[in-house]
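So the chains spell out like this:
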Amino acid sequence: MFKGLSTHVKRNKFKYITLVMLIITAILVKEVLIDIVYVDKQYEKNRIITPWGDKIKSGNLSVDYTFDQALIDIEALGLNTVNVPVQIDIPSLNSNTAVINVDSKKKAIQLIKKLRYKGINVILEPYPYIKNGELYETQLNPDDKDVWFQNWKGGVLLPIIHDIAKPYKVYALCIGSNFDQFEKEYNYWTDVSEFVRKNYQGRITYKTNWWYTAAWDTSKNGQHDTYTTKLNNPVLQNVDFISVAAYFELTDKETNTVENLVNSIHSTQIFDRHQNIFEELKNLSSKWNKPVFFGELGFPKRNKATVHPWNPEPSNIFNEQEQANGFQAYKEVFEKESWNLGFSVFAIGKKDELKNYYPCDQSIKVINSWYK
């Protein structure tokens, strides 16, 4: 038997050598010419280089995004990056469990493959989806922090690193998003960041939610001074850039000029707080010597869009111009700041009458013009 096989191999040696060479050539084409040469050139083509450094110009995908709409939005807005969510199912606000949604994970991988060949960077975000999306991650407060953080590390972050972040070479991984109720668990979050660093050599970021301070709150460690807590969060020393969900309350007016909103970013008008958002963000960057990135920047298409930007329906009066004015004001204040890494528009990838944050035509023009 073996003699016959040996004779067969000898007779067909040239064919087998040719087959092996074809396989090696195919691997080289895939791994070198396509994945390295072509893809790298696509990324380089989409870099946004300004006199103030490289910038991220991104959009947050809605959890229910579609591939077609996502690609349309990337083109229309002139984005070089997309924040891709992987839905993490959490049953309640006190739950200690968090489970990766299998369908969402598969969908993210499919999209990321498409984005890689277009040279679009990816910020990968484990997206807390509480009680089927009915509740907000800002209110999540697990009963048992030990159990929750172990689950978050081993059951959420580690599989996402191994199955998505590493093999598809994402630009950055977000290790936590807007967990207001237990952000002060400094030891736990520092442990998370160190755990991720051991298992992942790419960029990492942590997204903190907006805050407010008030000039009239003069008490020590003021009642409303959540900013001090964020400023002193040691997890920020372990990230590559600091992400902020920028839903800062600016004014008390239903509609605003761009000039008024620009002034309000330097001194908020709502409740006479006179919060200097610009300086607080700049100080946050300076404190940790890390750039600040607007991990979410969005305004609903409504009156009062800049009164309560975090509210998808602050008014029942539809107003596209108010949304566009919000984006224009942030552009004028932050576009040329070297410590500001960029922004991610909330939210794109799905366009219907329920998507109050989806950018209107006026907003698209403003966003597209950013960094040009």
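Residues numbered from 1 in each chain as written. Predicted model: local features only at pLDDT ≥ 70, side-chain atom pairs only at ≥ 80, totals over all residues. Heavy atoms only, no water.

This part is about the packing of helix 8 (residues 258-266) against helix 10 (residues 320-334). With their axes 9 Å apart at the nearest point, helix 8 and helix 10 run at an angle of 55° to one another. On the basis of the axis angle, helix 8 is oblique to helix 10. In this structure, helix 8 crosses over helix 10, and the sense of that crossing is right-handed. Taking contact as the criterion, the partners of Val258, Leu261, Val262, Ile265 and His266 in helix 8 are, on helix 10, Asn325, Gly326, Gln328, Ala329, Tyr330, Glu332, Val333 and Phe334. When grouped by side-chain class, the residues that make up the contact of helix 8 with helix 10 number 8 nonpolar, 4 polar and 1 charged. (Axes fitted to C-alpha atoms, helices over the stretch in contact; angles between N-to-C directions. Helix = DSSP H or I, 4+ residues; strand = E, 2+ residues; numbered from the N terminus. Parallel < 35°, antiparallel > 145°, perpendicular 65-115°, else oblique. Left-handed = near helix turned anticlockwise from the far one by under 90°. Contact = heavy atoms within 4.5 Å. Nonpolar A, V, L, I, M, F, W, Y, C, P; charged D, E, K, R; others polar.)

So, on to helix 3 (residues 67-77). Taken together, the buried positions of helix 3 are Gln69, Ala70, Asp73, Ile74 and Leu77. Projected down its long axis, helix 3 shows its buried positions confined to an angular sector of 140°, all on one face. Exposed positions of helix 3 whose direction lies more than 90 degrees from the buried face are Asp68 and Glu75. Contacts made by the buried residues of helix 3 are with strand 2 (53-61), strand 3 (81-90), helix 4 (102-117), strand 10 (340-348) and helix 11 (361-369). (Buried < 20%, exposed > 50% of the residue type's maximum accessible area, 1.4 Å probe, protein only. Arc of directions from axis to C-beta.)

Right, let's get into the pairing of strand 9 (residues 292-297). By the criterion of burial, strand 9 is predominantly enclosed, with 6 of the 6 residues buried. In this sheet, strand 9 lies alongside strand 8 (residues 241-245) in parallel orientation, the contact comprising 4 bridges. The residue bridging Ala245 from the neighbouring strand is Glu296, located in strand 9. Strand direction decides the pairing type here: strand 9 and strand 10, joined by 4 bridges, are parallel. Within strand 10, the position partnered with Leu297 by the bridge is Val345. Handedness of the crossover joining strand 9 and strand 10 through helix 10 is recorded here as right-handed. (Pairing = 2+ DSSP bridges. Right-handed = clockwise from strand over helix to strand, strands pointing away.)

Time to look at the pairing of strand 2. A regular strand places its side chains on the two faces of the sheet in alternate fashion. Extensive coverage of strand 2 is indicated by the burial of 7 of its 9 residues. Following strand 1 (residues 48-50), the chain reverses through 2 residues before pairing antiparallel with strand 2. For strand 2 and strand 10, the ladder comprises 6 bridges, and the chain directions are parallel. The residue of strand 10 that forms the bridge with Lys57 is Phe343. As paired strands, strand 2 and strand 3 are joined by 3 bridges and run parallel to one another. Looking at strand 3, one finds that Gly59 is bridged to Val82.

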